[in-house]
Amino acid sequence: MLYLIDTADLDAIKKCSEYFPVSGVTTNPTIISREKTDFRTLLYSIREIIGDDKMLHVQATATEADDIVREAEMVKNVVRGNFYIKIPITREGLRAASICKDKGIGVTMTAIFTQQQALIAAKAGADFVAPYINRLDNIVSDGVRVVEEISDIFKNYDIKTKILAASFKTVEQVHKVSMSGAHAITINPDLFDMLIYHPLTYYAIDDFSKDWESVYGDSRVSDLLK
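These figures come from a predicted structure and were not determined experimentally.

1. Description of helix 8 (residues 143-156)
In an α-helix there are 3.6 residues to a turn, and that puts residues three or four apart on one side. With 14 residues, helix 8 should reach 20 Å at 1.5 Å per residue; the first-to-last C-alpha distance of 20 Å fits that figure. Listing the buried residues of helix 8 in full gives Gly143, Val144, Val146, Val147, Ile150, Ser151, Ile153 and Phe154. Buried residues along helix 8 sit in contact with strand 5 (106-112), helix 6 (115-123), strand 6 (128-131), helix 7 (133-138), strand 7 (162-165) and helix 9 (171-178). One or two steps after helix 8, the chain reaches Asp158, where phi turns positive at roughly 50 degrees.

Below is the structure:
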């Protein structure tokens, strides 16, 4: 399972990259617009934080295939490194995905809500497909089940495209998706801390501290091994 950060907030990216085993950053036009800053500078800054080896997914805003490809080439020239252009699943998007792949540009097909959207995106050459979990749940659908069936389809046809699940609100959604065959998830920074929280963990830590201090007081391991 790959963990990606779904934000363009530079401070949040720095913090998550420092503490968690993240494989990259995903963005979209909404996330970018929240930062209210120069687009090129923002992309440079994200790449500087995560380095060249980690993934950076940036979404095209054009809607026609040739324009999408042009944007993909321009963004790739700016961010370099391990880059994927995010393209919403449309007729023009599928055409753009095929062209981008021919040009050696990584492709993440996004705004996936059905199993067939994922399959046709994979056949068009997408490296990743990004089903939206919480948005499906919000319309009384089952986002996790959609991921499971996409995974089954990919296995049936020996498709190498990876599932990058997106749109999470709860740890439970993350857990269920991790059991469903997804290869990667992208989550907002706050969810990272929630993934590792459990009250029993803190109770255990308190017990360890009390038992240690009953014998060694305020001394720490480093103090006793000097």
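Moving on from the model shown.
2. Digging into the pairing of strand 5
Burial of strand 5 is extensive: six of the seven residues sit out of reach of the surface. With five bridges joining them, strand 4 (residues 83-88) and strand 5 adopt parallel strand pairing. Within the sheet, the bridge partner assigned to Pro88 lies in strand 5 and is Thr110. Between the parallel elements strand 4 and strand 5, the chain passes through helix 5 (residues 91-102) in a crossover that is right-handed. Judged from the three bridges that link them, strand 5 and strand 6 form a sheet pairing that is parallel. Considered in strand 6, the bridge of Met109 is made with Val129.

Thresholds applied
- Residues numbered from 1 in each chain as written.
- Predicted model: local features only at pLDDT ≥ 70, side-chain atom pairs only at ≥ 80, totals over all residues.
- Heavy atoms only, no water.
- Helix = DSSP H or I, 4+ residues; strand = E, 2+ residues; numbered from the N terminus.
- Expected span 1.5 Å × (residues − 1).
- Buried < 20%, exposed > 50% of the residue type's maximum accessible area, 1.4 Å probe, protein only.
- Contact = heavy atoms within 4.5 Å.
- Pairing = 2+ DSSP bridges.
- Right-handed = clockwise from strand over helix to strand, strands pointing away.

Geometry only, nothing functional implied.
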